[in-house]
Amino acid sequence: MEFVDRKKEILRLRRALESEKKRFIVIYGRRRVGKSALVKRVLTDRDVYFEADLDEPAIQMLQLVTTIRMTYPEFADATYQSWEAILRHFNTICDDNATLCLDEFPYLVKKNPALPSILQRLLDSGEFRFNLIVCGSTIRMMKKIIMDAADPLYGRADEKISLRPIPLPYWKEALGLDAIAAFEEFTIWGGVPRYWILREDYDSLWGAVEGLILDEHGLLADEPNALFLDETSDISIYSSIMTAIGSGHTRFSSIADRIGRKTTEISVPLKNLQEMSYVEKEVPFGEDQEKTRKTLYWISDPFMAFYYRFVAANKSYLALGRYERIMERIKRDFNTQIDSVWERSCAQAVSLRNLFGKDWGIASRWWGSVPVRNEEGMVTGGEEIELDVVAASEDKKSLLIGECKWNAPDFADRLLRGLKAKVAAIPQFSKFDVEYVLFLRERPIDVDALDDLDVHILYPEDVISLL
């Protein structure tokens, strides 16, 4: 597979490394997201790339010395007693403006907690003749380096890059997929480059799911635990929370009840999962995040969402090699899983866009209870309503309200009537002009009658072009 995207990050790195000033660069992101590939893309043959592991400090230092000597044979073949000695010696023999990259930096710090202080002292001395890049998959620790005022390296980074998964449009283009296939594949692999590379070894999507995820020997069969181990040695609470959310328990109290913990016991790990970008907090459109009591939590990473819906709860079947039953369930319910990715992609596509002659703000879902009245106008109860996409215009006079459907072709007229009925039942929306949008996988059955309908229709190819 060719190198995909990362143009902005490559530009920032090259600009920094070509500067006359020696730079300290911090790069972090989840495992397999492509940090190493990115760095190697900008290094020259006179730079040094070192990937650490969890060996003892003496072995780590010996491995770094060996790595340096592959580029600089004149580097002394001696036993170094400290990181500072190695770095100072490298500083004397390296080419001016060379770059040293310490990948998996948290492994080095775990074995030598004094290393950040050593780097602080060397950076502050102004004596470095080389650029220094530190990378890490332990997101919370790497963030601490640059955001925690108590950390020795706080405020010293010249560049910081939080490497996120690669968006859907780049995968569609790189692999030559049609829009529907792109959404289907993205629902499982998300934007993580390594997953797509592994996927290429299989002839079909379902063959890849069985071989990589369902098979106990698959390379991704235990992927979530490996990701959590980058952050903590006690992964049970994280896995339990994700399993609860994946099985439909999305409210704070419901998550706690499902895993048999007090709400006070899950607040910190749930916050950590948000910091790791695996979980997001969601409130209805127009609600204040700090004040509303309608908060829901959802798994924002597609691979993790797929795993915790279909795999985590079926480990006993998979251990027995009963893949067929689980695969049947996946295929049966897969469209509902795509629904989630589709809805959020549609909301993202229209956010902060000029569409239909208006500038729109951030789009999100709306849900809530609306009053049900009898013929005399008396309130007799409540009805739960959900809208897939809602955005306000910049002038606050209009709303974009959309319905997202990832299923067989339907009648646009029927879908529009249902959407308008929902909106009419929500009192606070009555003062707005509304632009109605249907986000559909397939052309509607009544496609010839669309000119007579007060509705815009966007298809997968349209959504991808807007993302």
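Refer to the structure above for everything that follows.
This write-up is about the structure you can find in this document. (Residues numbered from 1 in each chain as written. Predicted model: local features only at pLDDT ≥ 70, side-chain atom pairs only at ≥ 80, totals over all residues. Heavy atoms only, no water.)

## Structural notes on the sheet that holds strand S10 (residues 364-373)
Pairing is mixed in the open sheet, where five strands are placed in the order S10-S11-S12-S13-S14. This sheet does not close on itself; its edge strands, each paired only once, are S10 and strand S14 (456-458). Recorded for the sheet is a direction-independent mean angle of 40 degrees between the axes of neighbouring strands. Bridging between strand S11 (residues 379-392) and strand S12 (residues 398-405) involves four bridges; their strand directions are antiparallel. Bridged to Ala 392 within S12 is Leu 399. (Pairing = 2+ DSSP bridges. Helix = DSSP H or I, 4+ residues; strand = E, 2+ residues; numbered from the N terminus. Axes fitted to C-alpha atoms, helices over the stretch in contact; angles between N-to-C directions.)

## Description of the pattern of salt bridges
By the definition in use, this model includes 28 salt bridges. Arg 12 is the salt-bridge partner of Glu 159, the closest N and O atoms lying 2.7 Å from each other. Pair noted here: Glu 159 is in strand S5 (residues 159-162) and Arg 12 is in helix H1 (residues 7-17), with a separation of 147 residues, a long-range link. Relative accessible area serves as the criterion here: at 16%, Glu 159 is assigned to the buried category. A salt bridge links Glu 403 to Lys 405; its shortest N-O distance comes to 3.5 Å. Overlapping salt bridges, with partners in common, bring together Glu 84, Arg 88, Arg 121 and Glu 127 in one network. (Salt bridge = Lys/Arg side-chain N within 4 Å of Asp/Glu carboxyl O. Buried < 20%, exposed > 50% of the residue type's maximum accessible area, 1.4 Å probe, protein only.)

## Notes on the packing of aromatic side chains
Any aromatic ring pair is given by two values, namely how distant the centres are and how the planes are angled relative to each other. Under the defined criterion, the tally for this structure stands at 17 aromatic pairs. For the pair Phe 183 and Trp 342, a centre-to-centre distance of 5.1 Å together with 90 degrees between the ring planes defines the contact as edge-to-face. Of the two residues, Phe 183 sits in helix H9 (residues 179-189) while Trp 342 sits in helix H18 (residues 323-350), which places them 159 residues apart along the sequence. With respect to burial, Phe 183 and Trp 342 carry one shared label: buried. One cation-aromatic arrangement involves Arg 344 over Trp 298; the distance from NZ or CZ to the ring centre is 3.6 Å. (Phe/Tyr/Trp six-rings, centres within 6.5 Å; stacked < 30°, edge-to-face > 60°. Lys NZ or Arg CZ within 6 Å of the ring centre and 35° of its normal.)

## Thoughts on the nonpolar core
Core analysis: the largest hydrophobic core is formed by 76 residues, its most contacted members being Trp 189, Ile 213, Phe 228 and Phe 439. Looking at this core, the element that brings in the most residues is H18, giving 12 residues. Other than its neighbours up to four places away in sequence, Ile 213 contacts Ile 188, Trp 189, Ala 208, Leu 220, Ala 221, Phe 303, Phe 306, Tyr 307 and Val 311. Ranked by size, the runner-up nonpolar core spans 39 residues in total, among them Tyr 28, Trp 83, Leu 87 and Leu 119. (Core = buried A, V, L, I, M, F, W, Y, C linked by side-chain atoms within 4.5 Å. Contact = heavy atoms within 4.5 Å.)

## What to know about the sheet that holds S5
Pairing is parallel in the open sheet, where five strands are placed in the order S2-S3-S4-S1-S5. Two strands close off the open sheet at either side, each with one partner strand: strand S2 (48-51) and S5. When strand polarity is set aside, the average angle formed by the axes of neighbouring strands in this sheet is 15 degrees. Relative to strand S3 (residues 99-103), S2 runs parallel, the two being bridged by four bridges. From the neighbouring strand, Tyr 49 faces S3, where its bridge partner is Cys 101.

## Quick look at the pairing of S5
The side chains of a regular strand alternate, first on one face of the sheet and then on the other. Alternating positions in S5 separate cleanly, Glu 159 and Ile 161 being buried on one face and Lys 160 and Ser 162 remaining unburied on the opposite face. By the bridge criterion, four bridges tie strand S1 (residues 24-28) to S5 in an arrangement that is parallel. Residue pairing for S5: Tyr 28 is matched across the bridge by Ser 162.

## Points about the state of the cysteines
In the structure shown here, the tally under the stated rule is zero disulfides. In this structure Cys 101 is a free cysteine whose sulfur lies 3.9 Å from that of Cys 135, the closest cysteine sulfur available. The thiol of Cys 346 is not disulfide-bonded; the next cysteine sulfur, from Cys 404, is found 3.9 Å away. (Disulfide = S-S within 2.5 Å.)

## Considerations on the packing of helix H16 (residues 302-310) against H18
Running from N to C, H16 and H18 cross one another at 130 degrees; their axes reach a closest spacing of 11 Å. Here H16 is positioned oblique relative to H18, judged by the angle of their axes. The two elements H16 and H18 meet at a crossing, and its hand is right-handed. Contacts between H16 and H18 involve Ala 305, Phe 306, Arg 309 and Phe 310 on the former and, on the latter, Ile 326, Arg 329, Ile 330, Asp 333, Phe 334, Thr 336 and Gln 337. Taken together, the residues of the contact of H16 with H18 sort by class into six nonpolar, two polar and three charged. (Parallel < 35°, antiparallel > 145°, perpendicular 65-115°, else oblique. Left-handed = near helix turned anticlockwise from the far one by under 90°. Nonpolar A, V, L, I, M, F, W, Y, C, P; charged D, E, K, R; others polar.)

## Some thoughts on a negative patch on the surface
A surface patch of like charges, here negative, comprises Asp 359, Glu 394, Asp 395 and Asp 433. Residue placement: Glu 394 occurs in the loop between S11 and S12. (Patch = residues over 30% accessible without salt bridge, like charges linked within 9 Å, V, L, I, M, F, W, Y side chains within 5 Å. Areas by Shrake-Rupley, 256 points an atom, 1.4 Å probe, with all protein chains shown as cover. Lys, Arg positive; Asp, Glu negative; His and termini not counted. Charge placed at Lys NZ, Arg CZ, Asp CG, Glu CD.)

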